[in-house]
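What the coordinates show
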Amino acid sequence: MTQSAFSLSYKDNGVAWLKIDVPNEKMNTLQAEFSEQITSVLAELKARSDIKGLVVYSGKPDNFVAGADIRMLSACETAQEAQALAKKGQVLFSQLEQLPFHVVAAIHGPCLGGGLELALSCHSRVCSDGDKTRLGLPEVQLGLLPGSGGTQRLPRLIGVANALDMILSGKQLRAKKAVKLGVIDQVVPESILLNVAEQVALSPKPSRKSSMQNWALGGNPLGRSVVFDQAAKKAHEKTRGNYPAVDAILEVVKYGLQHGMEKGLEQEAKVFGELVMSPESAALRSIFFATTAMKKETGSEAEPLTVERVAVLGGGLMGGGISHVTATKAGYPVRIKDISNDGIQNALAYNFKLLDKKRKRKIISKATLQKQMLTITGGTDFTGFNQADVVIEAVFEDLALKHQMVKDVEEYAKSNTIFATNTSSLPINQIAQAAERPENVVGLHYFSPVEKMPLVEVIPHQGTETGSGTSEETIATVVALAKKQGKTPIVVGDKAGFYVNRILAPYMNEAARVLLSGEPIEHIDTALLNFGFPVGPITLLDEVGVDVGAKISPILLAELGDRFEAPDVFDLLLKDDRKGRKSGKGFYRYNTKKKEVDKSVYKLLELEPKIKESETEIAVRCSLMMLNEAVRCLDEGVIRSARDGDIGAIFGIGFPPFLGGPFRYMDHIGITRVVDMLNEYTDKYGDRFKPCERLLDMAKEEKTFY
Ligand SMILES: C[C@H](O)CC(=O)SCCNC(=O)CCNC(=O)[C@H](O)C(C)(C)COP(=O)(O)OP(=O)(O)OC[C@H]1O[C@@H](n2cnc3c(N)ncnc32)[C@H](O)[C@@H]1OP(=O)(O)O
């Protein structure tokens, strides 16, 4: 007989205990085959007359329920099949809700999606104050809506505005915030969670009606309509109509409030089924599968070396961010070295600001802030470097300076200390030329702002004139370090631009060409925003800095060829001291409240802006350059797989997640079509659009990337 995921036990005081513990899995998820088990558990409970209350809890040490099994949803072949799964959950949760005694969920760890929907059908919810406890309905991030009652129960519990905010963002709440919003009734230390839940189960069952509920159910239809309009506006500003789940959520929540719970549930399951079949959801689910698989990968055959201390060279923006994630996420003490005390002060102030923000939001206490600040120290010499296991270098992009850093670290640190360089443009093997132990040298390319951007490129080099390439231990160690810092690392080849900047550059250059053809700046940015990028390319250039673009561009041109030729704008802009946001002057103005184009830039570039091309034409033109280059990277082994290329583009650049990344997107539109478009654009705009060999071969052989 197979072991059940749901088991009942009883105590003499009349409290029944329903334990959820999916056999052979470390995470509880809800699967279709459990339906019979829950049905029989519910039947047993209903048949007894001696029960005063029920506690629903998890048998896992660190999770409640992480939702419906996403693999099961992906295996559905029709919308009806997915609809039936949602319906099954709805029926079981409704039966739980209708039990005559007090049903209490005792939650510790992730309680997400279907897990929270289960908890919402209980009459009370108690959760632990542990850091692992997170409550949310993240379905929207999978291109779905909560399909087992979430769109109906949550608005009735906490009001439409807060419920829409949670469901449309998919955000995961910490315990305190969940109590504040009314999602949870009580938060307690984990050690007494079950005792408290037991006491609550013995107390009278609460009545469901609340003033909030009355309001939500139609006490004020006018106010409700304003709330919906505002939520829709806010959501659309972000999603620009690219995520069907967003409209579906708004529609289903509204429908349920207008027509009642039963009809609302019906609609919820129906739309859920449709969304599971949508290409957007398939793409978003693929990101979940890819990132989960990547959490387990080590990047190398070797075992990582032990890391106890980390040092950072350079206290600038990058050094500050790297020290922050190293100390606060990975939990290692960090020593920062800069040439000046100001540099150290900057890095410390940067860390303090980030921690203080968390303190103000009550995510950490003042004591934790102080404790974490104490783990970050700095100085202008190499004190403490003899204890560092990894040194991360984030100094200026200057080869001679980097060589000096390599030599200094070899002198002051241990013989096995890893030298990880955060260069964004210099080949790692050139930096390693100065090393006596080049096997310890590796690229570790973070993106700005480090504390927010999820990607890290790990770049082993292949060897210097006199020495060997990056060792497998070095790769494994920095991959493990990056994961501890909360990052998703991809191992990429040591070629100019690595992966992310290499595919970004032709896209940005194309946007600059579109600008030089006289298209207005806002028009170009809007075109790519509507395509699904988080910022437009011209805004991005302002944010990254025109000077940075100007520095990387010639390197890519020299190493990779003519298609990297940047249009002649950088010099003109730099002569006018237009570096972008950091200089207060770029394509946009930075001294006004509202973001507006600095029209004087047109004069500088001798342009008369006028819309000539459609948004779609511009978006396709820029993105095609990126797609073609991504395939070259795969072909040359710069990335190890299409999957890494997709995750790198989404996490490093913000390539539209609903398209699943460049490779999945090409598979979706068809390789032959991509080749046809590239040929069409070659005729229109020049040879840089010529499809690469790999694409031509794939089109001939009717192959796909996945
Ligand atoms: C009808 C309903 O409304 C529909 C739904 O519920 S859709 C599902 C909604 N839920 C989610 O989106 C949550 C997805 N999960 C997560 O975000 C993260 O796994 C988490 C925050 C829960 C935990 O993260 P973390 O501690 O880093 O563990 P992580 O490595 O991701 O997961 C551990 C294992 O659980 C699995 N897992 C977690 N949630 C899962 C889910 N909902 N479905 C399938 N597998 C899941 C992972 O695949 C992984 O499996 P593996 O060890 O065999 O590879």
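Calculation criteria
- Each chain has its residues counted from 1, following the order in which its sequence is written.
- Local features in this predicted model are restricted to residues whose pLDDT is 70 or higher, and side-chain atom pairs enter the listing and the counts only when it is 80 or higher, whereas totals over whole chains, interfaces and linings include all residues.
- The side-chain numbers reported here are obtained from all heavy atoms of the structure, hydrogens and water having been left aside.
- UniProt positions are given in the numbering used here, feature names are shortened, and annotations may be inferred rather than shown by experiment.
- What makes a residue near a molecule or strand is one non-hydrogen atom of that residue sitting within 4 Å of it.
- Distance and chemistry together define a polar contact, namely a pair of N or O atoms within 3.5 Å, with one atom able to donate a hydrogen and the other to accept it when in protein, and with adjacent residues in sequence counting only for side-chain atoms on both sides.
- Reported accessibility uses the Shrake-Rupley method at a 1.4 Å probe radius. Residues are deemed covered only where the shown protein chains occlude them.
- Numbered from the N terminus, helices here are DSSP runs of H or I no shorter than four residues, and strands are runs of E no shorter than two.
- Classification convention: Asp, Glu, Lys, Arg as charged; Ala, Val, Leu, Ile, Met, Phe, Trp, Tyr, Cys, Pro as nonpolar; all other residues, Gly among them, as polar.
- Aromatic rings from Phe, Tyr and Trp, with only the six-membered ring used for Trp, were paired whenever their centres fell within 6.5 Å, and each pair was classed as stacked if the ring planes differed by under 30 degrees, edge-to-face if by over 60, and tilted otherwise.
- Working definition: with a 1.4 Å probe on protein chains only, accessible area under 20% of the residue-type maximum means buried, over 50% means exposed, and in between means partly exposed.
- Domain limits in this description derive from either an automatic procedure or a database domain assignment.
- Contact definition: two residues touch when any of their heavy atoms are within 4.5 Å.
- Here the quantity called buried area is the total loss of accessible area, with a 1.4 Å probe, experienced by two parts when brought into contact, counted for both.
- Salt bridges are defined by distance alone: a side-chain nitrogen of Lys or Arg within 4 Å of a carboxyl oxygen of Asp or Glu.

An unreviewed UniProt entry annotates the chain as Fatty acid oxidation complex subunit alpha of Photobacterium angustum. In UniProt, the chain has this text filed under Subcellular location (unreviewed entry): "Cytoplasm". Turning to the chain, the UniProt record has this under Pathway (unreviewed entry): "Lipid metabolism; fatty acid beta-oxidation."

What to know about the site of the ligand
In the neighbourhood of the ligand, 24 residues make up the surrounding shell, with A68, E117, E139, K295 and K296 lying closest. Within the contact set of the ligand, a nitrogen atom lies 3.0 Å away from a backbone nitrogen or oxygen of A66. K296 is positioned with one of its side-chain polar atoms (N or O) 2.4 Å from an oxygen atom of the ligand. A total of 980 Å² of accessible area belongs to the ligand in isolation, and the protein chains cover 78% of it. For the shell around the ligand, the secondary-structure elements that each account for two or more residues are β5 (110-112), α4 (114-120) and α13 (279-296). At four residues, α13 tops the list of elements feeding residues into the shell around the ligand. Looking at the shell around the ligand, its residues break down into 11 nonpolar, seven polar and six charged.

Focus: the packing of aromatic side chains
Summed over the entire model, instances satisfying the criterion amount to 15 aromatic pairs. Judged by centre distance (5.7 Å) and plane angle (80 degrees), the ring pair of F533 and F655 falls under edge-to-face. Separated by 122 residues along the polypeptide, F533 in the loop between α21 (521-531) and α22 (537-544) and F655 in the loop between α27 (642-653) and α28 (662-669) bring together distant segments of the chain. Judged on exposure class, the residue F533 and its partner F655 are both buried.

Examining the domain arrangement of the chain
When its domains are assigned, the chain resolves into domain 1 (6-272), domain 2 (310-491) and domain 3 (500-638 + 670-700). Look at where the C-alpha atoms of domain 2 and domain 3 centre, and you get two points 31 Å apart. With 10 residues of domain 2 at the interface, the matching set in domain 3 holds seven residues. For the pair domain 2 and domain 3, the two sides together bury roughly 570 Å², of which 55% comes from carbon and sulfur. Looking only at domain 2, the three residues that lose the most surface to domain 3 are E397, S424 and S425, adding up to 48% of its buried area. Taken together, domain 2 and domain 3 are joined by zero salt bridges.

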